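Tertiary structure, described
Now for the letters of each chain:
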Amino acid sequence: MKAIGFIFARGGSKGLPRKNVKLLGGKPLIAHAVEQALASTHINRVIVSTEDEEIARVAREYGAETPFMRPAELATDAAPERLAWRHAVEYLRANDPDGDFDVFVSVPAVAPLRSPEDIDACVNKLVSTDADTVFTVVKTTRSPFFNMVTLDAQANVRIAVPLDSTITRRQDAPSCWDITPLCYASRPDSILKYDTLFGGVVKAVEVPVERAFDIDTPWDFRLTELIYNDLHKRQAMEKP
Ligand SMILES: CC(=O)N[C@H]1[C@H]([C@H](O)[C@H](O)CO)O[C@](O)(C(=O)O)C[C@@H]1O
């Protein structure tokens, strides 16, 4: 079974400018993702899709390959990331001796607290089931059936997804999971066939809340950094 790791990293991130090369623990975010992907038992090759020369250079420094630059039209704010996934699969099929790979694994730079085990778990679930795609999720305490709301144009509040029965305790609401982007594993053919992540059979791997960090904003980065530094301080204290 041939699996290739990918990191899709645009230079023009808006929520947190230059996010992919921002330093966490002295190392660029994208470097964490490259190293975690290479530490997975299934991946020995990581390819970065970017339109940005600095991101490409940093990724190569940490062991990733950049066989192509992402076309600018696939790196705009509005371009769906899925089109960049397709471009990568099509590029490899047309140009790479290993282009007939079996498992496409996306390891986003925005989730540096992942463990390589999370990547292994997604790949294992993909290849041992009929899934087209497997991604990581985390159990959420927020619920669109209980404590998430919408505001209309008059700022009137409504429950996001009304249920027939009235729920008065969070525990009685149907369980919900957040997609947390530690890893997405997919069959390359499914990426070409389906327009969205939800096409075909989709399964999930549940990960613990301690690793489920997704950096979109400066606040997300701050929280992730606090937890990262705390973890490393504890690990250093535990060493004999
Ligand atoms: C593979 C994919 O489509 N990734 C997209 C993710 C996931 O949809 C989200 O993390 C799931 O929770 O959302 C973005 O980061 C976002 O606009 O916030 C854009 C990114 O391209």
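To start, this report covers the structure provided alongside it. (Residues numbered from 1 in each chain as written. Predicted model: local features only at pLDDT ≥ 70, side-chain atom pairs only at ≥ 80, totals over all residues. Heavy atoms only, no water.)

**Re the site of the ligand**
Here is the rule we go by: One heavy atom within 4 Å of a molecule or strand makes the whole residue count as near it. Between N or O atoms, a polar contact is any pair within 3.5 Å; within protein, one atom must be a potential hydrogen donor and the other a potential acceptor, and residues adjacent in sequence are included only when both atoms are from side chains. In these tables, accessible area is a Shrake-Rupley quantity obtained with a 1.4 Å probe, and a residue counts as shielded only by the protein chains included in the view. Working definition: helices are DSSP H or I runs of at least four residues, strands are E runs of at least two. Numbering for both runs from the N terminus. Polar here means any residue outside two lists: the nonpolar Ala, Val, Leu, Ile, Met, Phe, Trp, Tyr, Cys and Pro, and the charged Asp, Glu, Lys and Arg; Gly therefore counts as polar.
Taken together, Glu81, Trp85, Ile179, Tyr184, Asp214 and Asp216 make up all the residues around the ligand. Ile179 places a main-chain nitrogen or oxygen 3.3 Å from an oxygen atom of the ligand. Protein chains bury 50% of the 470 Å² of accessible surface belonging to the ligand in isolation. When contributions to the shell around the ligand are tallied by element, the ones reaching two or more residues are helix H3 (81-95) and strand E9 (177-186). Class assignment of the residues belonging to the shell around the ligand gives a composition of three nonpolar, no polar and three charged.

**Looking at the sheet that holds strand E5 (residues 103-106)**
Going by this rule: Only strands joined by at least two bridges in the DSSP assignment are considered to pair. Between N-to-C directions, angles span 0 to 180 degrees; the directions come from axes that are lines fitted to C-alpha atoms, helices contributing only their stretch in contact. For this analysis, residues touch if any pair of their heavy atoms sits within 4.5 Å.
With mixed pairing, six strands are arranged side by side in an open sheet as E4-E1-E5-E9-E6-E10. Strand pairing shows two members of the sheet lacking a second neighbour, strand E4 (43-49) and strand E10 (202-206), which therefore form its edges. Averaged over all adjacent pairs, the angle separating strand axes in this sheet is 35°, with direction ignored. Relative to E5, strand E1 (residues 3-8) runs parallel, the two being bridged by four bridges. Of the residues in E5, the one forming a bridge with Gly5 is Val105. Relative to the sheet, helix H1 (residues 29-39) contacts E1 and E4, its axis offset from that of E4 by approximately 150°. Along the sheet, helix H4 (residues 116-128) contacts E4, E5, strand E6 (133-139), E9 and E10; its crossing angle with E9, the most-contacted strand, is approximately 70°.

**Digging into a nonpolar patch on the surface**
Threshold: Each patch groups residues whose relative accessible area exceeds 30% and which form no salt bridge, using 9 Å between like charges and 5 Å between nonpolar side chains of Val, Leu, Ile, Met, Phe, Trp and Tyr. What counts as a salt bridge is simple: a side-chain nitrogen of Lys or Arg found within 4 Å of a carboxyl oxygen of Asp or Glu. Here's how the labels work: a residue is buried when its accessible area is under 20% of the maximum for its type, exposed when over 50%, partly exposed in between, all with a 1.4 Å probe on protein chains only.
On the surface, Trp219, Leu223, Leu226, Ile227 and Leu231 cluster together to form a nonpolar patch covering roughly 460 Å² of accessible area. With respect to the element layout, Leu223 can be found in helix H6 (residues 218-238). Its relative accessible area of 33% is what places Leu223 among the partly exposed residues.

**Some details on the pattern of salt bridges**
All chains considered together, the criterion is met by 18 salt bridges. In this structure, Asp118 and Arg211 form a salt bridge, with 2.6 Å as the shortest nitrogen-oxygen distance. Of this pair, Asp118 sits in helix H4 while Arg211 sits in the loop between E10 and H6, placing them 93 residues apart in sequence. Classification of Asp118 as buried rests on a relative accessible area of 3%. What makes Arg211 partly exposed here is its relative accessible area of 21%. Three or more residues joined by partner-sharing salt bridges are found here, namely Lys2, Asp98 and Asp100.

**Notes on H4**
Residues that lie three or four places apart on an α-helix share one face, since the helix turns once every 3.6 residues. Basically, it comes down to this: One less than the residue count of a helix, multiplied by 1.5 Å, gives the span that helix is expected to have.
Spanning 13 residues, H4 covers 18 Å between terminal C-alpha atoms, matching the ideal 18 Å at 1.5 Å per step. All buried positions along H4 are accounted for by Asp118, Ile119, Asp120, Cys122, Val123 and Leu126.

**Focus on the environment of Ala111**
Tracing the sequence through the fold places Ala111 in the loop between E5 and H4. In this structure Ala111 comes out as buried when scored by relative accessible area, which is 0%. The spatial distance from the C-alpha of Ala111 to the C-alpha of Ala212 is 7.3 Å, given a sequence separation of 101 residues.

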